[in-house]
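Structural characterization, general
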Amino acid sequence: MGEPRLGIASGVYLEMGEDGNWKEVVMPSYHAAGACKVLPESASMKSGVVVAAGWDTVDEIRAMTLGWKTGHFIDYR
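Residues take numbers from 1 onward in each chain, read along the sequence in its written order. Thresholds applied to this predicted model are a pLDDT of at least 70 for local features of residues and 80 or more for the giving and counting of side-chain atom pairs; totals over whole chains, interfaces and linings are not thresholded and use all residues. Side-chain numbers come from the whole structure's heavy atoms, not from hydrogens or water.

1. Re the confidence of the model for the protein
Predicted coordinates in regions of low pLDDT should not be interpreted in detail. Keep this limit in mind: Note on scores: pLDDT gives the predictor's confidence for each residue, bounded by 0 and 100. Each helix is a run of H or I in the DSSP string that is no shorter than four residues. Each strand is a run of E no shorter than two, and both are numbered from the N terminus.
In the predicted model, the protein carries a mean pLDDT of 83, and the fraction of residues at 70 or more is 84%. Averaged over each element, pLDDT in the protein is lowest for helix 1 (residues 55-65) (85) and highest for strand 3 (residues 22-25) (94).

2. Description of the packing of aromatic side chains
The cut-off we apply is this: Side-chain rings of Phe, Tyr and Trp, where Trp is taken by its six-membered ring, are said to pair if the distance between their centres is within 6.5 Å; with planes under 30 degrees apart they count as stacked, over 60 as edge-to-face, and otherwise as tilted. Whether a charge sits over a ring comes down to the Lys NZ or Arg CZ being within 6 Å of the ring centre and within 35 degrees of the ring normal.
Considering all chains together, one arrives at 1 aromatic pair under this definition. Between phenylalanine 73 and tyrosine 76, the aromatic rings sit 5.8 Å apart at their centres with planes inclined by 85 degrees, giving edge-to-face as the arrangement. The ring centre of tryptophan 68 lies 4.2 Å from the NZ or CZ of arginine 5, which sits over that ring.

3. Some details on the environment of tyrosine 30
The line we're drawing: Categorising residues by exposure relies on relative accessible area from a 1.4 Å probe, with only protein chains included: less than 20% of the type maximum marks a residue as buried, more than 50% marks it as exposed, and the intermediate range marks it as partly exposed. Here, residues are in contact when the closest pair of their heavy atoms is within 4.5 Å.
Position of tyrosine 30 relative to the elements: it lies in the loop between strand 3 and helix 1. Residue classification places tyrosine 30 among the partly exposed residues on the basis of a relative accessible area of 43%. In sequence terms tyrosine 30 and alanine 9 are 21 residues apart; their C-alpha atoms lie 8.8 Å from each other. Among all residues touching tyrosine 30, those that are not within four sequence positions of it are Glu60, Met64, Thr70 and Gly71.

4. Structural notes on the pattern of salt bridges
Rules: For this document, the term salt bridge refers to a Lys or Arg side-chain nitrogen within 4 Å of an Asp or Glu carboxyl oxygen.
Taken as a whole and assessed by the stated rule, the structure comprises 4 salt bridges. Residues aspartate 59 and lysine 37 are paired through a salt bridge, measuring 2.7 Å at the closest nitrogen-oxygen approach. With aspartate 59 in helix 1 and lysine 37 in the loop between strand 3 and helix 1, this pair connects stretches of sequence that are 22 residues apart. Neither aspartate 59 nor lysine 37 differs from the other in exposure class; each is buried. The closest approach of N and O atoms between lysine 37 and glutamate 60, which form a salt bridge, is 3.6 Å.

5. Brief notes about the pairing of strand 3
Here is the rule we go by: Strand pairing follows a simple DSSP-based rule, namely that at least 2 bridges must link the two strands.
As judged from the 4 bridges shared by strand 2 (residues 13-16) and strand 3, these two strands associate in the antiparallel manner. Its bridge partner lying in strand 3, tyrosine 13 is registered against valine 25. Hairpin connection of strand 2 to strand 3: 5 residues between the antiparallel strands, including glycine 20 at a positive phi of 85 degrees.

Structure, rendered in structure tokens:
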């Protein structure tokens, strides 16, 4: 990404298919997989974690409203 305002990022999300092979779960370009997100050590990003369904979307919305970019790296699986 090479984005200086990158606030939340992840690799791609994989799930085991019925055939026993790992398959990528397609996500929008702005989405970071909740189970493997990384955030900068910036005070403006420390707004707390939402403990509810959809938390991984809520933190992205919060980040974007603060001017941060969010997304995932397709090369990291």
